[in-house]
Amino acid sequence: VSLLLFSVSYLSFCISVYTILSKVHSDRNVYPSAGVLFVHVLEREYFKGEFPPYPKPGEISNDPITFNTNLMGYPDRPGWLRYIQRTPYSDGVLYGSPTVENVGKPTIIEITAYNRRTFETARHNLIINIMSAEDFPLPYQAEFFIRNMNVEEMLASEVLGDFLGAVKNVWQPERLNAINITSALDRGGRVPLPINDMKEGVYVMVGADVPFSSCLREVENPQNQLRCSQEMEPVITCDKKFRTQFHIDWCKISLVDNTKQVSTFQEVIRGEGILPDGGEYKPPSDTLKSRDYYSDFLITLAVPSAIALVLFLILAYIMCCRREGVEKRNMQTPDIQLVHHSAIQKSTKELRDMSKNREIAWPLSTLPVFHPVTGEIVPPLHTDSYDNTSMPLMQTQQNLPHQTQIPQQQSAGKWYS
């Protein structure tokens, strides 16, 4: 397990590596500096010795091991500390930039290793004692976006050392420190496609004690700003010093100069939308007078209830006490109209009774003669023995006594009746 503190000076940069070897369930103390990148590697080889050996003697153990890290007493880590492990067969890495607010306060991180083959665990505590840095904060800070790197690749000491060396050549500072490293996925980036070994990208922030070089300032030129707006690569003279190993996206570089104190005070010009000064705020007294809500109760509930009750009584009197009824209606109706109405009801009832008792078959004229599909003649539904004379298709004309006879003409030209 290694703790890497990266610090680069004008002549050379030094990388302090603390290797702590101890048994499981023991506390480990590390001493990072505020504002300087902190890296702690959780090596799988170290924890393999804490788990049972492989079933077959002589075989090399390659158990899948994962880690869980959290602040003691809490389910997650502090806000400045991050953890990454790509696969159960790779080492885990704790990294981040401690803040000044945590200086002097020991941070205890619980580290639990899980063996995915045997389901056993091993745990120990990592005590982070954050120390204050004399040269912190560095006034000039630059953040680079490297497109061809992942965060765990950039955290390696040799890769980060090569990058700081390239930055030192183009910036020429007296003191240079790696402040923070952030994955592009934590900045809202998308997961790259698994083709051509594409990388997710990583942001690296470095700080120095001298102003930015002319090479870094070239990205602020109007020509380069126009090319960035058109999604084209800007022309940077020092890009060749990074291009051999690092692909820098110069359109995403951020330069921060903390020496320029930007005044946030703005004079307030009173006008439309600005409320006048109301003076000093005076809160209400602690001793409030008691209030009688009886009158409010009467106005809110009693009065509407009384009005509703009166309306209910009026409606009940109209609906129940002033009904005319059937007898009064019949008394006001003429007798001849009542007789006609009674006769219509009686005739309607007789017709309905007759229609219920009707058992005569349908006339043959209402039945189909030809089949609708084949066109064949359809036999009658009634058999030959069926007496169809009981309901003829057309009633024969009979000379009834009260019927007027139509005169017929004879051949002699005389009319007879």
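The name given to the protein in an unreviewed UniProt entry is Epsilon-sarcoglycan, with Columba livia as the source organism. Per UniProt, the protein carries the Sequence similarities (unreviewed entry) text "Belongs to the sarcoglycan alpha/epsilon family."

Asker: Honestly, the sheet that holds strand β3 (residues 27–30) in this entry has me stumped. Any pointers?
Answerer: In spatial order, the strands read β3-β9-β8-β5; together these 4 strands make up an open sheet with mixed pairing. One side of each edge strand has no neighbouring strand; the edge strands of this open sheet are β3 and β5 (65–71). Taking the axes of each pair of neighbouring strands and ignoring which way they run, one obtains an average angle of 25° across the sheet. Judged from the 4 bridges that link them, β3 and strand β9 (residues 121–128) form a sheet pairing that is parallel. Considered in β9, the bridge of valine 30 is made with isoleucine 128.

Asker: Can you walk me through helix α3 (residues 157–171) in this structure?
Answerer: Three- or four-residue spacings in an α-helix give side chains the same orientation, since the helix completes a turn every 3.6 residues. Counted at 1.5 Å a residue, the expected span for α3 with its 15 residues is 21 Å, and the 21 Å between its end C-alpha atoms agrees. Most of α3 sits inside the fold, with 11 of its 15 residues counted as buried. Every buried residue of α3 is accounted for by Val159, Leu160, Gly161, Phe163, Leu164, Gly165, Ala166, Val167, Lys168, Val170 and Trp171. Of the residues trailing α3, glutamine 172 is marked for its positive phi of about 60°.

Asker: What should I look at first to understand the pairing of strand β11 (residues 175–183) in this one?
Answerer: Two faces make up the sheet, and in a regular strand the side chains alternate between them. Within β11, 7 of the 9 residues are buried, which leaves it mostly tucked inside the rest of the structure. Here β11 pairs with strand β12 (residues 202–208) via 7 bridges, running antiparallel. Each bridged residue has a counterpart across the sheet, and for leucine 176 the counterpart in β12 is alanine 208.

Cut-offs used in this document
Residues numbered from 1 in each chain as written. Predicted model: local features only at pLDDT ≥ 70, side-chain atom pairs only at ≥ 80, totals over all residues. Heavy atoms only, no water. UniProt positions renumbered as here; feature names shortened; annotations may be inferred. Pairing = 2+ DSSP bridges. Helix = DSSP H or I, 4+ residues; strand = E, 2+ residues; numbered from the N terminus. Axes fitted to C-alpha atoms, helices over the stretch in contact; angles between N-to-C directions. Expected span 1.5 Å × (residues − 1). Buried < 20%, exposed > 50% of the residue type's maximum accessible area, 1.4 Å probe, protein only.

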